[in-house]
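In case you want the letters, here they are:
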Amino acid sequence: MEKKSMKGWLYLLPAILFLGVFMVYPLVDVCIYSIEEGYNSASQTFYGYGKYNFSYVLRDPYFLQAIKNTFLLVIITVPLSTIMALLISLALSSIKKFKELFQTIYFLPYVTNTLAVGLVFMILFKKTPYSDGMINALIHLFGGSSIDFIEGPYWAKMLVMCIYTIWVVLPFKILILTSALASVNPVYYKAAKVDGTSSFRIFRKITLPMISPMIFYLVITGFIGAFKAYSDEVAIFGTDLNASGMNTIVGYIYDMLYGDSGGYPSYASAAALILFVIVLTITCINLLISNRNVHYS
Amino acid sequence: MKIRLEKLTKKYPSRDRKSREEVTAVSNFDYEVPDGKLIGLLGPSGCGKSTALNMICGLEKPTTGRIWFDDDDVTDLPPEKRGVGMVFQSYALYPHLTVRQNIMFPLENFKGKDKLSKEEMMAKADEAARLVQIDQLMDRKPGEMSGGQQQRVAIARALVKRPRVLLLDEPLSNLDARLRLQTREEIRRIQRETGITTIFVTHDQEEAMSISDYIVVMNVGEINQIGKPQEVYDSPVNLFVAKFLGTPPINVFDGEIKNNALFVGNDRILENTGLGDQKVTVGIRPEGFLPDPEGSLVCELSSIEVMGRDTSVVASHPACQASSLRAIIGSDSREGLKTGEVRFKIKPDKVHIFDSEQVRIS
Ligand SMILES: Nc1ncnc2c1ncn2[C@@H]1O[C@H](COP(=O)(O)OP(=O)(O)O)[C@@H](O)[C@H]1O
Ligand SMILES: [Mg+2]
């Protein structure tokens, strides 16, 4: 028995070492950094322990802006992208001709390089000396006046950000949902049809509950992914996100570490822990809601 | 209500994309289902039973032909306008709903003046549940019930809106042998109690024979024979029907009519057939053999199996199409039987003679 469990531990050792070095140690380190007050990265000294880092971060207008941006992004893009993916998947699974073709088209953004996607958005939205971007061209066509989507008003920038995020996450969600829809046994639809069930009721009472585990999975991972948004913002607004007012929580953490005003691992750690608590809370709420509405077979 | 099926034909485009040929699943299905009876639609797998049922139900549209419910032409009506209840082989109970919600599901679809109050729906669901004796389990989910119980829920759900026709597509195939026996009696009882015209699809001939008022035997999309189970068993129209009905199956021999007598191999087993000289196929039911030292059919007995009341004798005969034949004899004639040569007298009414087209001629 002793020997057996020794062997087990031995097999686990590589994984434990790896996880220890790259997950557990940084995690503990972040916790420690976050309570070290007045840490100086050059001399690696600090005054003492306390909650000052947290109160600093929570009063920092850049952080508050980042929180606001992140929450807006989450609240708008997660539901919207999930609903859109669901509608597109429903449409995809109801057509017969060219089904594979459309599936491929919808999945293309997923395998496309982020920078290429960024370029497309430039062409669509960015003002250059030569053009105002295609969207502005459209607005002109309908008699509106140009909007600067990249350096203009906050709502315009947020709009671009949301569209970009939705566009990036959509393909994966469509992929998951089309396969979820395809896995529903058609005999349920037959039975419902014999009873004269309307298509809306079939969707609400049969399809939706049956694919609810997959929707739930997408919502959870969608929330977590959106809370961690950062690189997409950089792709559109450049690296100085604080200046453009479009920073996110992860962006703030990065800036605190390596940005032009960086070198504050304690503030970064405090912000990271705050993000952790937020994500944890939201995920718990999701789990609670799902207990009632998600049906596992 | 009687159902008239008029030359129903269903062709599917081939599943194989390359071939353009159509698959004829059902062809020229012509039958008038009598009111209030239980009909067994019987045939081997893939012969078009489900397709025929789906056309009656309205899930499939016939390629040609018409369907009449009494005097209404329902061919172009969707299922819900026909008033049919359907039970599927896999039950198709919604797994996320309770038994009560499952049974109430069809009622909740009623619109306009047919709309029912919550209380009325509850009452109807309770009534249907009592009929199939699952009223104790109303708050369970299908996953928490046995196959037999799920089957009853499916029947209750099909009956709750009081359909004019009840259609069951292989409803017992997913049950184990004992439950199958029990549940088929149950279906018979429910049908009698409600008096609802019922069509019961199965590939199990014993099942169909035991509960049906009439059986319809199908083969490759066509009706071969319709009749009371015993009639069809006693006078099958062709070799297929003769082989398909009965356990153990009928024993088939190559035979010949010579001088008005029937020969199987060299054995002259029947006189006065009234048939002209020809090659024939001969079917003898297992219960048509009587061990008799004077008997005309000479076989090689290989084993004797005692199965409770009856005894099954396995033997061989040179003209038998299978490698062995099986006879069922009463326990009183078992005495003295042993392996080696054995002679049987043949009961004439258990012998069927088929011509070269496999149509029965006697
Ligand atoms: N949707 C379909 N498309 C093409 N062929 C089908 C389709 N449904 C059934 N068939 C064919 O029609 C024949 C009859 O099928 P079915 O009615 O399901 O038989 P059964 O219920 O007696 O087993 C089979 O050969 C089957 O392959
Ligand atoms: Mg079938």
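Residues numbered from 1 in each chain as written. Chains lettered and ligands numbered in written order. Predicted model: local features only at pLDDT ≥ 70, side-chain atom pairs only at ≥ 80, totals over all residues. Heavy atoms only, no water.

A. Quick look at the overall build of chain B. A tally of regular secondary structure across chain B gives 9 helices and 20 strands. Projecting the C-alpha coordinates of chain B onto the three principal axes gives extents of approximately 75 × 45 × 40 Å. Considering chain B as a whole, with its 362 residues, one finds that 51% of them fall into the buried category. If you take every contact in chain B between residues at least 6 apart in sequence, the share linking residues at least 24 apart comes to 66%. Looking at chain B as shown, the accessible area adds up to about 17000 Å², and 45% of this sits on carbon and sulfur atoms. Looking at chain B, you have 50 positive and 53 negative side-chain charges, and the mean spots of the two groups are 5 Å apart. (Helix = DSSP H or I, 4+ residues; strand = E, 2+ residues; numbered from the N terminus. Buried < 20%, exposed > 50% of the residue type's maximum accessible area, 1.4 Å probe, protein only. Contact = heavy atoms within 4.5 Å. Areas by Shrake-Rupley, 256 points an atom, 1.4 Å probe, with all protein chains shown as cover. Lys, Arg positive; Asp, Glu negative; His and termini not counted. Charge placed at Lys NZ, Arg CZ, Asp CG, Glu CD.)

B. Structural context of the overall build of chain A. Scanning chain A from N- to C-terminus turns up 13 helices and 2 strands. Overall size of chain A, expressed as C-alpha extent along the three principal axes, is 75 × 75 × 30 Å. Within the structure as shown, chain A displays about 17500 Å² of accessible surface, and the carbon and sulfur contribution to it stands at 71%. Here chain A carries 20 positive and 15 negative side-chain charges, and the mean point of each set is 19 Å from the other.

C. Representation of the interface of chain A and chain B within the structure. Contacts between chain A and chain B engage 16 residues on the former and 20 residues on the latter. In this assembly, chain A packs against chain B so that about 1800 Å² is buried in total across both faces, 62% of it on carbon and sulfur atoms. Among the residues chain A hides against chain B, the three largest losses belong to Val194(A), Asp195(A) and Arg201(A). Together they make up 35% of the total. Where chain A packs against chain B, one counts 2 salt bridges. Arg201(A) is paired through a salt bridge with Glu108(B); the nearest N and O atoms lie 3.1 Å apart. At the boundary of chain A and chain B, one finds 9 residue pairs in polar contact (both at pLDDT 80 or more). (Buried area = accessible area lost by both parts, 1.4 Å probe. Salt bridge = Lys/Arg side-chain N within 4 Å of Asp/Glu carboxyl O. Polar contact = N/O pair within 3.5 Å; in protein donor to acceptor, adjacent residues only side chain to side chain.)

D. Broad picture of the layout of surface pockets. The calculated volume of the largest pocket comes to roughly 1200 Å³. Along its surface, the largest pocket is lined by 33 residues, and Lys190(A), Tyr12(B), Pro13(B), Arg15(B) and Glu60(B) are the ones closest to its centre. Sorting the residues of the lining of the largest pocket by element identifies α3 (61-94), α4 (99-111) and α8 (186-194) of chain A together with β1 (3-13), β2 (22-33) and α1 (49-57) of chain B as the ones contributing at least two each. Top contributing element to the lining of the largest pocket by residue count: α1(B), with 4 residues. Residue composition of the lining of the largest pocket, by class: 10 nonpolar, 13 polar and 10 charged. When its volume is computed, the second largest pocket comes out at roughly 880 Å³. If you go around the second largest pocket, you meet 31 residues; those closest to its centre are Arg204(A), Leu208(A), Pro209(A), Ser212(A) and Asn293(A). For the lining of the second largest pocket, the elements supplying multiple residues, two or more each, are α3, α9 (199-227) and α13 (265-293) of chain A together with α3 (99-108) and α4 (118-131) of chain B. Top element by residues in the lining of the second largest pocket is α9(A). It accounts for 9 residues. Here the residues of the lining of the second largest pocket are counted per class, giving 17 nonpolar, 8 polar and 6 charged. (1 Å grid on protein atoms, 1.4 Å probe; cavity = no way out; pocket = protein on both sides within 12 Å on 5 of 7 lines; lining within 4 Å. Points joined across faces, edges and corners; volume = space filled by probe spheres on them. Nonpolar A, V, L, I, M, F, W, Y, C, P; charged D, E, K, R; others polar.)

E. Main features of the pairing of strand β7 (residues 165-169) of chain B. Residues and elements named next belong to chain B. Of all 5 residues making up β7, 5 are buried, and the element is well covered by its neighbours. Residue alternation in β7 divides its side chains into two sets, Val 165, Leu 167 and Asp 169 and Leu 166 and Leu 168, and both sets are buried. Where strand β6 (residues 84-87) lies against β7, 4 bridges are found, and the strand directions are parallel. Residue pairing in the sheet places Val 87 in a bridge with Leu 168 of β7. Relative to strand β8 (residues 197-202), β7 runs parallel, the two being bridged by 5 bridges. Its bridge partner being in β8, Leu 168 is matched across the sheet by Phe 200. Tracing the backbone out of β7, into helix α6 (residues 177-194) and back to the parallel element β8 gives a crossover that is right-handed. (Pairing = 2+ DSSP bridges. Right-handed = clockwise from strand over helix to strand, strands pointing away.)

F. Structural context of the domain arrangement of chain B. All names here are of chain B. For chain B, the domain assignment lists domain 1 (3-244) and domain 2 (251-354). Inter-centroid distance (C-alpha atoms) of domain 1 to domain 2 is 39 Å. On the domain 2 side, the residues contacting the 7 residues of domain 1 number 7 residues. Regarding the contact of domain 1 and domain 2, the summed buried area is about 650 Å², with carbon and sulfur atoms giving 58% of it. Counting the surface domain 1 buries against domain 2, the share from its top three residues, Tyr 233, Leu 239 and Ala 242, is 66%. For the pair domain 1 and domain 2, the number of links is 0 salt bridges. For the pair domain 1 and domain 2, the interface holds 3 residue pairs in polar contact (both at pLDDT 80 or more). (Domains from an automatic or database assignment.)

G. A look at a nonpolar patch on the surface. Residues and elements named next belong to chain A. Judged by side-chain polarity, Phe 18, Leu 19, Val 21, Phe 22, Met 23, Val 24, Leu 27, Val 28, Ile 32, Ile 35, Phe 46 and Tyr 49 come together as a nonpolar surface patch covering roughly 1200 Å² of accessible area. Top contributing element to the nonpolar patch by residue count: helix α1 (residues 2-35), with 10 residues. Checked against the element boundaries, Phe 22 lands in helix α1. (Patch = residues over 30% accessible without salt bridge, like charges linked within 9 Å, V, L, I, M, F, W, Y side chains within 5 Å.)

H. A look at the site of ligand 1. All names here are of chain B. The immediate surroundings of ligand 1 are formed by Tyr 12, Pro 13, Arg 15, Ala 25, Pro 44, Ser 45, Gly 46, Cys 47, Gly 48, Lys 49, Ser 50 and Thr 51. Here an oxygen atom of ligand 1 and a backbone polar atom of Lys 49 are 2.9 Å apart. The separation between an oxygen atom of ligand 1 and a polar side-chain atom of Thr 51 is 2.5 Å. In isolation ligand 1 has 560 Å² of accessible area, and contact with the protein removes 71% of it. Of all the secondary-structure elements, those providing two or more residues to the shell around ligand 1 are β1 and α1. Top contributing element to the shell around ligand 1 by residue count: α1, with 3 residues. Broken down by class, the residue content of the shell around ligand 1 amounts to 5 nonpolar, 5 polar and 2 charged. (Near = heavy atom within 4 Å.)

I. Inspection of the sheet that holds strand β14 (residues 278-284) of chain B at higher detail. Residue and element names in this part refer to chain B. Pairing is antiparallel in the open sheet, where 5 strands are placed in the order β13-β12-β11-β14-β20. Two strands in the sheet have a free side with no partner beyond their single neighbour: β13 (267-270) and β20 (351-354). Here the strands of the sheet are splayed against their neighbours by 40° on average, with no regard to which way each runs. Two strands pair when backbone bridges link them, and strand β11 (residues 251-258) and β14 are joined in this way by 7 bridges, in the antiparallel orientation. Residue pairing in the sheet places Glu 256 in a bridge with Lys 279 of β14. (Axes fitted to C-alpha atoms, helices over the stretch in contact; angles between N-to-C directions.)

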